[in-house]
Amino acid sequence: MAEVRPFAAYRPAAGLADKIAALPYDVYNRQEAREVVEGDKYTFLRIDRPETQFEPDHDMYAPEVYDKARELLDGMIRDGEYVKENSAVYYIYELIMDGRHQTGIVAASSIDDYLNGVIKKHENTRAEKEEDRIKHVYTCNAQTGPIFLAYRHRDSIDSLVAEIKKGEPLYSFTSDDGIAHNVWVIDKTEDVAKVKAEFAATDKIYIADGHHRAASAVKVGIKKREENPGYTGEEEFNYFLSVLFPDSELKILPYNRVVKDTNGLSEDELFAKLSEVVDIKEVAEAYQPEAKGIFGMYISGKWYKLTMKEEFLSDDPVKGLDVSLLQDNILGPILGIGDPRVDKRIDFVGGIRGLKELEKRSESDMKLAFSMYPTSIAELFDVADNDLLMPPKSTWFEPKLRSGLFIHKLD
């Protein structure tokens, strides 16, 4: 059963939440991060991307960079820009995007649940990406970016959350991208106990987004255990910062693909090979697939609807994913993209950027693009329940959780 417990967060002082809250560190490249933090004394991106405080050519993984993150965080706490909660509580974190409400519970989740499979994964992680966040968490002695978790919704949790949302929010602001953010505190003894008991009755929780942050938090926890052989399991380093959302409120956007070239094929040859695995129909305008097994393709200024032929479909949790159907039947055998994780001839475009971005890329640095039908949350759960892994870049979640609203200290 899942152990999801309350904690005493460090959180922005009154009037500062909107100034501090920042998009996750990994949505920016190095130059973009520098531009965001320039002249901004509050944005949490300064702490999440501390290399922005050094010269552009400074080694972004040098020890002094992580020391700078700790210095900045400690300074904000010392100066009263962060306050510490008086007791262990849960929080409700609501995000509203285009009128759609997504409401989660902010809590500390157990690293043991991660290790024993109660918290289910659906992606592999890369060691070099983990190492950066391991150093960041360990040096700061704090987790600063929440892991996005999902669970099968429970009416009793929904009811409690709805009741508390009737009260005055702790924070309420709209970020520059138009996303509304609202936070409430769950601090009544009986409500805290109810939330804890509800999750204790939940046998599976899923990582929706943040696999690298989760893996890094767990490895720091293990390292802290090794440094403290007398640990009891109650220490904060045994838990990681998370926001848990019911599956009923989550929406996954497509993760589209753009390809550099046609693998030496003429367009006639390409279409001949495609026709062996898909039915092809030219369409008059930008095409967003409306069902599984269907793809949009843009090449030479035209859009096409590609419908996968029946014999190539699969009931397998992974092979049946649209991202797998495209990779296994088109990108690999026809376009020569062997390993999309490392092949420089392919790039991935989050659905939030729209179909115009696919046209733009295909007419500039790429040759053709594929629009995808989004992976469903049910498919994600199915893959994870079978202890399988999705292909890279299978899901794109929106809206993005903000960093800096809740700090989980490890001592």
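Here the structure is a predicted model, which is why all the values come from computation and not from measurement. The residue count restarts for each chain, going from 1 along the sequence in the order it is written. Reporting in this predicted model follows two pLDDT cut-offs: at least 70 for local features of residues, and 80 or more for side-chain atom pairs to be given and counted; totals over whole chains, interfaces and linings ignore these cut-offs and use all residues. The side-chain values count all of the structure's non-hydrogen atoms but skip hydrogen atoms and water molecules.

## What about the overall build of the protein chain?
Helix and strand content of the protein chain: 13 helices and 21 strands. In terms of overall size, the protein chain behaves like a compact globule, its C-alpha atoms giving a radius of gyration of 23 Å where 411 residues would be expected to give roughly 22 Å. C-alpha atoms of the protein chain, sized along the principal axes, occupy 70 × 50 × 45 Å. In the protein chain, which comprises 411 residues, the proportion classed as buried is 55%. Sequence-distant contacts in the protein chain: of pairs separated by 6 or more residues, those separated by 24 or more amount to 77%. In this description, accessible areas are obtained by the Shrake-Rupley approach with a 1.4 Å probe, and a residue is regarded as covered only by the protein chains that are shown. In the form shown here, the protein chain has an accessible surface area of approximately 18,000 Å², with 47% of it arising from carbon and sulfur atoms. With 54 positive and 75 negative side-chain charges, the protein chain shows a separation of 1 Å between the mean positions of the two kinds. By the criteria applied, helices consist of DSSP H or I runs no shorter than four residues and strands consist of E runs no shorter than two, each listed in order from the N terminus. The size measure is the radius of gyration over C-alpha atoms, and the globule rule it meets is 2.2 Å times the number of residues to the 0.38 power. Classification of residues uses two cut-offs on accessible area relative to the type maximum, computed with a 1.4 Å probe and protein chains only: under 20% is buried, over 50% is exposed, and between them is partly exposed. Here, residues are in contact when the closest pair of their heavy atoms is within 4.5 Å. Note that His is not counted, nor are the chain ends; the positive residues are Lys and Arg, and the negative ones are Asp and Glu. Every charge is mapped to an atom, namely NZ of Lys, CZ of Arg, CG of Asp or CD of Glu.

## Considering the pairing of strand E18 (residues 346-350)
Consecutive side chains along a regular strand alternate between the two faces of the sheet. Within E18, four of the five residues are buried, which leaves it mostly tucked inside the rest of the structure. Pairing between strands requires that DSSP locate at least two bridges from one strand to the other. Direction of pairing for strand E14 (residues 255-259) relative to E18: antiparallel, over a ladder of five bridges. Pairing of Arg-257 across the sheet is with Phe-348, part of E18.

## Things to note about unusual backbone geometry
Following Glu-398, the chain continues into Pro-399 via a peptide bond in cis, with omega recorded as 0°. Within the fold, Pro-399 resides in the loop between strand E20 (396-397) and strand E21 (408-409). At Asp-98, a residue that is not glycine, the phi angle is positive and equals roughly 55°. Under the relative-accessibility criterion, Asp-98 is labelled exposed at 75%.

## Some points on the environment of His-153
Looking at the secondary structure, you find His-153 in the loop between strand E8 (147-151) and helix H7 (155-164). Taking the C-alpha atoms as reference, His-153 lies 9.9 Å from Thr-202; in sequence the two are 49 residues apart. Apart from residues no more than four positions distant in its own chain, His-153 is found in contact with Asp-158, Pro-246, Asp-247 and Ser-248. Under this definition, polar contacts are N or O atom pairs within 3.5 Å; protein pairs additionally need one hydrogen-donor-capable and one acceptor-capable atom, and for neighbouring residues in sequence, both atoms have to be side-chain atoms. At a separation of 3.3 Å, a polar atom in the side chain of His-153 contacts the side chain of Asp-155.

## Brief notes about the packing of aromatic side chains
In this analysis, rings of Phe, Tyr and Trp, with Trp reduced to its six-membered ring, are considered paired at centre separations within 6.5 Å, and the interplanar angle assigns stacked below 30 degrees, edge-to-face beyond 60, and tilted for intermediate values. Tallying each qualifying case throughout the model produces twelve aromatic pairs. Centre to centre, the rings of Tyr-206 and Phe-381 are 3.8 Å apart; their planes meet at 15°, and the pair counts as stacked. Of this pair, Tyr-206 sits in strand E11 (residues 205-209) while Phe-381 sits in helix H13 (residues 377-385), and the two are 175 residues apart along the sequence. Assigned by exposure class, Tyr-206 and Phe-381 land together as buried. Ring centres 4.9 Å apart and planes at 65° place the aromatic pair Phe-271 and Tyr-304 in the edge-to-face group.

## Quick word on the sheet that holds strand E17 (residues 302-308)
Spatially, E15-E17-E16-E19-E14-E18 is the arrangement adopted by the six strands of the open sheet, whose pairing is antiparallel. Because the sheet does not close on itself, it has two edges, and the strands there are strand E15 (278-283) and E18. Across the sheet, the mean angle from the axis of one strand to that of its neighbour is 25°, orientation sign disregarded. Comment: axis = line fitted to C-alpha atoms, over the contacting stretch for helices; angle = value between 0 and 180 degrees taken between N-to-C directions.

## Brief notes about the environment of Gly-210
Its place among the elements puts Gly-210 in the loop between E11 and helix H9 (211-227). Distance from Gly-210 to Lys-367, taken between C-alpha atoms, is 31 Å for residues 157 residues apart in sequence.

## Observations regarding the side chain of Glu-398
Of note, Glu-398 is situated in the loop between E20 and E21. Buried charge without a partner: Glu-398 forms no salt bridge, and the closest opposite charge is Lys-400, 4.7 Å away. Polar side-chain contacts of Glu-398 include one of 2.9 Å to the side chain of Trp-396. Excluding residues that lie within four positions of it along the chain, Glu-398 makes contacts with Met-97, Arg-100, Gln-102, Lys-251, Leu-253 and Ile-352. Here, a salt bridge means any Lys or Arg side-chain nitrogen found within 4 Å of an Asp or Glu carboxyl oxygen.

## With respect to the nonpolar core
By nonpolar core is meant a set of buried Ala, Val, Leu, Ile, Met, Phe, Trp, Tyr and Cys residues that side-chain atoms within 4.5 Å join together. Formed by 66 residues in total, the largest nonpolar core has its most connected members in Tyr-93, Met-297, Ile-330, Leu-335 and Phe-370. With 30 residues, the next largest nonpolar core counts Tyr-114, Trp-184, Ile-205 and Ile-207 among its residues.

## Here we look at the packing of helix H6 (residues 127-140) against H9
Closest axis-to-axis distance for the H6/H9 pair is 8 Å, and the angle between their directions is 55°. Overall, the two elements H6 and H9 adopt an arrangement that is oblique. Here H6 and H9 pass one another in a crossing that is right-handed. Side by side, H6 and H9 meet where Lys-129, Glu-130, Arg-133, Ile-134, Val-137 and Tyr-138 of the first sit next to His-212, Ala-215, Ser-216, Lys-219, Val-220, Lys-223, Lys-224 and Glu-227 of the second. Residue type decides the class: Asp, Glu, Lys and Arg count as charged, Ala, Val, Leu, Ile, Met, Phe, Trp, Tyr, Cys and Pro as nonpolar, and the leftover types, Gly among them, as polar. Residue classes in the contact of H6 with H9 are distributed as five nonpolar, two polar and seven charged. Here the word oblique covers every angle except those under 35 degrees (roughly parallel), over 145 (roughly antiparallel) and from 65 to 115 (roughly perpendicular). For a crossing to be left-handed, the near helix must be turned anticlockwise from the far one by less than a right angle; the clockwise case is right-handed.

Fair warning: the whole summary comes from geometry, so function is off the table for now.
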